[in-house]
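Next come the chains, spelled out residue by residue.
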Amino acid sequence: MVPATYPSTFAPNGQQQMVVYFLTSVAGLQRWVDYIPVKLVETGAVNSYNNDGFIAVAPIAGLSSQTQAWKEYIPVYVDSNATKAWQVSAVGYIPYSYALFGDASLQLDFINGASLDSRVTFTRSTTATRTNSSGLIESVAINGPRFDYNPTTLAPLGLLIEEQRTNLSLRSQEIDNAAWTKTAATITANATTAPDGTTTADKLVEDSSLATHSIIEAAAITYTSGVAYSFSFLIKKAERQTVQILMHPNPFPGTVAQRTAIFNSNTGAFVSVGSAYTSSSVTAFPSGWYRVSVASTADATTTGNFTISLCSDDAGTTSYTGDGTSGLFIWGAQLEAGAFPTSYIPTVASQVTRTADSAVMTGTNFSSWFNQTEGTIYAEGILNNTATSGGQIRRLVEINDNTTNNRIVFGRGATTAVARFVYTVSGTNLNGTSGQTIASVFPSARLAVAFKAGDYACSGNGSAATTSTAASVPIVDRLSIGADAAVTANSAANGTISRIAFYPRRLANSELQAITS
């Protein structure tokens, strides 16, 4: 598929790009032979051309040490008018999502920008953490937007939007503290560099007895029946590499075996996960650290706690004669009410709450680009977790009137990988009680909605447009990014938003499919 291109403003600071529109034929074009890369990140164009079919990236003037070959370039076909481009591959070569920016009246890029667009009002009443471009966990100030990075690949992910959460675990970085009970084990404080770059990671060391060598949260925590809880921590191998994780006793369901998970910090994978756990996850951080999480739903309202035990082998043997010196490193314990873990919340002597992120655009900052009669909204991001239930949506984006009565919403639904779209006017959903869905889209998604009275359509990751004859368009006055107007827990993205665009026209169904491909 061949897109035609022309220069267009990429960002408010005057950066330029090549804007992509899809045509129908690739006849006569040779891959890479007649192309130049157009740099999109820094001010000014940086070009290089080599007509033997290979683009010589290294000689391009102005490249910084951080520039990654191809990832910041679009190959542009050189014809008499310099108007055609061929989008060959999206993985590691061409940032295809720049194609969304043609005649868009709004362009928000949370991947390449160093700061938030001044038209967006961002609030969060507490500090919070993010993963920075070096893969380190760092604190971000009150009301500071968090531009998150993948701790494994260090790739930029976009604007992190999360619901409110509380870390119920005390002394999250001080395992040597009395808040943690040690059984047949000792703690060496500040034994190595932690995932935040400080020397605050402790070492759990077995003693020389025949016993289970473990730590346990000393203060009993009150759990509520029917509520899901996630326990996470960061671990790094030393002489030992395997641990057993146990959430116990009641209120968690099942036997001890069903509440047991075994994790190997050498392979970075779970050996086994008990059936009482509703989910588990592993995220690799630099320098051999792993963030490990398990979740379970309480079936009684009572107190309980959790234990981390050293294992002598990868089979999960916890009762063994220790040598008095072997162990592994632990940092960043977090217990939170929720079916999945969120960003790390450090604690000391008491539980700590991180409040919700809010990012909105209102007033003339909204009306200056929005067309009430017709338009198309595009958003791109990574949402790793489903909504809680039913017709709920973890938002990529929503336009609304500061209520739930008038809105256009899209994001991740309660069913695995499903995108959900809802159009509401005067309190009534016009495209069904729970809206419309597109399957197999998330966690990484590019979604778009085109609207006009009696003529709606939506697409996700290049799917054919799903249409609706919704009779009217909601009267709205704001853009809510990654949440609904009230920033409720069930609406929060709990993920990253990378790009948003608005076209002041109803794009054709074929264009919807193209820009989300």
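Whatever comes next refers back to the structure up there.
These figures come from a predicted structure and were not determined experimentally.

A.B. asks: Could you clarify how one ought to interpret the pairing of strand 24 (residues 290-297) in this entry?
C.D. replies: Both faces of the sheet carry side chains from a regular strand, because those side chains alternate between them. Counting buried positions along strand 24 yields seven of eight residues, so the element is predominantly enclosed. Where strand 19 (residues 228-236) meets strand 24, eight bridges bridge the pair, whose relative direction is antiparallel. Residue pairing in the sheet places Ser230 in a bridge with Ala295 of strand 24. In textbook terms, the turn of a hairpin is the stretch between consecutive antiparallel strands, and for strand 23 (residues 279-284) and strand 24 this stretch comprises five residues, one of which, Ser287, has a positive phi near 65°.

A.B. asks: Explanation requested: the nonpolar core in the structure shown.
C.D. replies: It is characteristic of soluble globular proteins that their nonpolar side chains tend to be buried jointly. Core analysis: the largest hydrophobic core is formed by 43 residues, its most contacted members being Leu479 and Ile481. Here this core takes four residues from strand 36 (residues 444-452), the largest share from any one element. Among all residues touching Ile481, those that are not within four sequence positions of it are Leu108, Phe110, Val120, Leu159, Ile161, Ala359, Leu396, Ile497 and Ile500. The next biggest cluster of nonpolar side chains, apart from the first, holds 35 residues, and it includes Ala179, Ile235, Phe252 and Phe306.

A.B. asks: Explain the packing of aromatic side chains here, please?
C.D. replies: The way to describe two aromatic rings as a pair is by their centre distance and the angle between their planes. According to the stated counting rule, one finds 19 aromatic pairs in the structure shown. Ring centres of Trp180 and Phe306 lie 6.0 Å apart, and the angle between their planes is 65°; on these two criteria the pair is classed as edge-to-face. Taken together, the residues Trp180 in strand 13 (residues 180-183) and Phe306 in strand 25 (residues 302-311) connect sequence positions 126 residues apart. Here Trp180 and Phe306 have matching classes, each one buried. With centroids separated by 4.8 Å and ring planes inclined at 25°, the aromatic side chains of Phe366 and Phe370 adopt a geometry described as stacked. Take Phe366 and Phe370: they sit in the same class, and that class is buried. Across the ring face of Phe340, the terminal group of Arg165 is positioned such that the distance to the ring centre comes to 4.8 Å.

Calculation notes
Residues numbered from 1 in each chain as written. Predicted model: local features only at pLDDT ≥ 70, side-chain atom pairs only at ≥ 80, totals over all residues. Heavy atoms only, no water. Buried < 20%, exposed > 50% of the residue type's maximum accessible area, 1.4 Å probe, protein only. Helix = DSSP H or I, 4+ residues; strand = E, 2+ residues; numbered from the N terminus. Pairing = 2+ DSSP bridges. Core = buried A, V, L, I, M, F, W, Y, C linked by side-chain atoms within 4.5 Å. Contact = heavy atoms within 4.5 Å. Phe/Tyr/Trp six-rings, centres within 6.5 Å; stacked < 30°, edge-to-face > 60°. Lys NZ or Arg CZ within 6 Å of the ring centre and 35° of its normal.

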